[in-house]
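As a plain string of letters, each chain reads:
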Amino acid sequence: MKTKLGILASGRGSNLGAIIKACNNRTLNAVVEIVISNNPDSGALKIAKQENLEHRCLRPSDYPDADALDRALTETLVAAKIDLVILAGYMKKIGPLTLHRFDHKIINIHPSLLPKFGGKGMYGLKVHQAVIDAGESETGATVHLVDAEYDQGRILEQKKVEIGDNHRDAQTLAARVLEIEHKLYPETINKFIEEQNRENHAHHVARRGS
Ligand code: GRF
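Parameters at a glance
- Residues numbered from 1 in each chain as written.
- Predicted model: local features only at pLDDT ≥ 70, side-chain atom pairs only at ≥ 80, totals over all residues.
- Heavy atoms only, no water.
- Helix = DSSP H or I, 4+ residues; strand = E, 2+ residues; numbered from the N terminus.
- Rg over C-alpha atoms; globule rule 2.2 N^0.38 Å.
- Buried < 20%, exposed > 50% of the residue type's maximum accessible area, 1.4 Å probe, protein only.
- Contact = heavy atoms within 4.5 Å.
- Near = heavy atom within 4 Å.
- Polar contact = N/O pair within 3.5 Å; in protein donor to acceptor, adjacent residues only side chain to side chain.
- Areas by Shrake-Rupley, 256 points an atom, 1.4 Å probe, with all protein chains shown as cover.
- 1 Å grid on protein atoms, 1.4 Å probe; cavity = no way out; pocket = protein on both sides within 12 Å on 5 of 7 lines; lining within 4 Å.
- Sits in = over half its atoms within 2 Å of the grid points.
- Nonpolar A, V, L, I, M, F, W, Y, C, P; charged D, E, K, R; others polar.
- Pairing = 2+ DSSP bridges.
- Axes fitted to C-alpha atoms, helices over the stretch in contact; angles between N-to-C directions.
- Phe/Tyr/Trp six-rings, centres within 6.5 Å; stacked < 30°, edge-to-face > 60°.
- Lys NZ or Arg CZ within 6 Å of the ring centre and 35° of its normal.

### Section: the overall build of the protein chain
(1) Moving on: Of the regular secondary structure elements, the protein chain holds six helices and seven strands.
(2) Moving on: When its helices and strands are written in sequence order, the protein chain yields β-α-β-α-β-α-β-α-β-α-β-β-α.
(3) Moving on: For 210 residues, the compact-globule formula gives about 17 Å, and the C-alpha radius of gyration of the protein chain, at 17 Å, lands near that figure.
(4) Moving on: Across its three principal axes, the protein chain shows a C-alpha extent of roughly 55 × 45 × 30 Å.

Okay, here's the thing in structure tokens:
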């Protein structure tokens, strides 16, 4: 059985594209079951349409408050029978209901070596500019589990990038990091799925034996 992914994305959607590609060429043993965005004009929703994937736009302005949006998100993910929630440039904070229902089943990618250069307000070029301003000699990308705090859940995998003289501006650095994200994210999701399958199997065997 393939793991069913629910992808949440607000912007361009290049990581969504990389995940779809990895599912199609079977390096990622999963299927993108639904794409959800808060942004009707997002590249991510365009990609979902092009690829004939199920998609939904949950606009915050359509809901009376954050709790109602949180409930709608949980219900949408549950209705699609999602196993794993993948944040791919999703700009909204995940609410307590979704966090609880998908505990240890929400994964994010961040374009820095967390815990460095993470937290509220750290997104897009701001991350890379902060890295340059701090005079770092390396940066990279981090895939981690999502909990109630921004960018603080358990780290699953990191990949480093040396900051050479040829990427000393935020845009060039962002492009270099994005390139490694597209490889790191599908690989790490696949590893996480394999680990979970192994754990479930061990649990099953232990129960049968007792
Ligand atoms: C990526 O840099 C990712 O690390 C961050 O948001 C960006 C999303 O880019 N969380 P894209 O929409 O996948 O192209």
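### Here we look at helix 1 (residues 14–24)
(1) Moving on: Taken as a whole, helix 1 has its buried residues at Asn 15, Leu 16, Ala 18, Ile 19, Ile 20, Ala 22 and Cys 23.
(2) Moving on: Looking at the buried side of helix 1, the elements it contacts are strand 1 (3–8), strand 2 (30–37), helix 2 (43–50), strand 4 (84–87), strand 5 (106–110) and helix 6 (170–209).
(3) Moving on: Backbone geometry just after helix 1 places Arg 26 at a positive phi near 65 degrees.

### Some thoughts on the site of the ligand
(1) Moving on: In the neighbourhood of the ligand, the contacting residues comprise Arg 12, Gly 13, Ser 14, Asn 15, Gly 89, Ile 109, His 110, Pro 111 and Glu 181.
(2) Moving on: Contact between the ligand and Ser 14: an oxygen atom at 2.5 Å from a side-chain N or O atom of the residue.
(3) Moving on: Note that an oxygen atom of the ligand is positioned 2.8 Å from one of the backbone N or O atoms of Asn 15.
(4) Moving on: Computed on the free molecule, the ligand has an accessible area of 370 Å², of which 84% lies beneath the protein chains in the complex.
(5) Moving on: Its atoms largely coinciding with the cavity grid, the ligand occupies the largest pocket.
(6) Moving on: Mapped by element, the contributors of at least two residues to the shell around the ligand are helix 1 and strand 5.
(7) Moving on: The residue inventory of the shell around the ligand, partitioned by class, reads two nonpolar, five polar and two charged.

### What about the sheet that holds strand 4?
(1) Moving on: Spatial strand order, 3-2-1-4-5-6-7: seven strands in an open sheet with mixed pairing. Single-partner strands in this sheet number two, and they are strand 3 (55–57) and strand 7 (155–162). When the angles between neighbouring strand axes are averaged without regard to direction, this sheet yields 20 degrees.
(2) Moving on: Pairing geometry for strand 2 and strand 3, over three bridges, is parallel. By the bridge assignment for strand 3, Ile 36 is matched with Arg 56.

### Points about the packing of aromatic side chains
(1) Moving on: This structure, assessed with the given rule, holds zero aromatic pairs.
(2) Moving on: A cation sits over an aromatic face here: Arg 101 above Phe 102, 5.2 Å from the ring centre.

### A word on the environment of Ala 18
(1) Moving on: Secondary-structure assignment places Ala 18 in helix 1.
(2) Moving on: In this structure Ala 18 comes out as buried when scored by relative accessible area, which is 13%.
(3) Moving on: For Ala 18 and Glu 181, which are 163 residues apart along the polypeptide, the C-alpha to C-alpha distance reads 8.9 Å.

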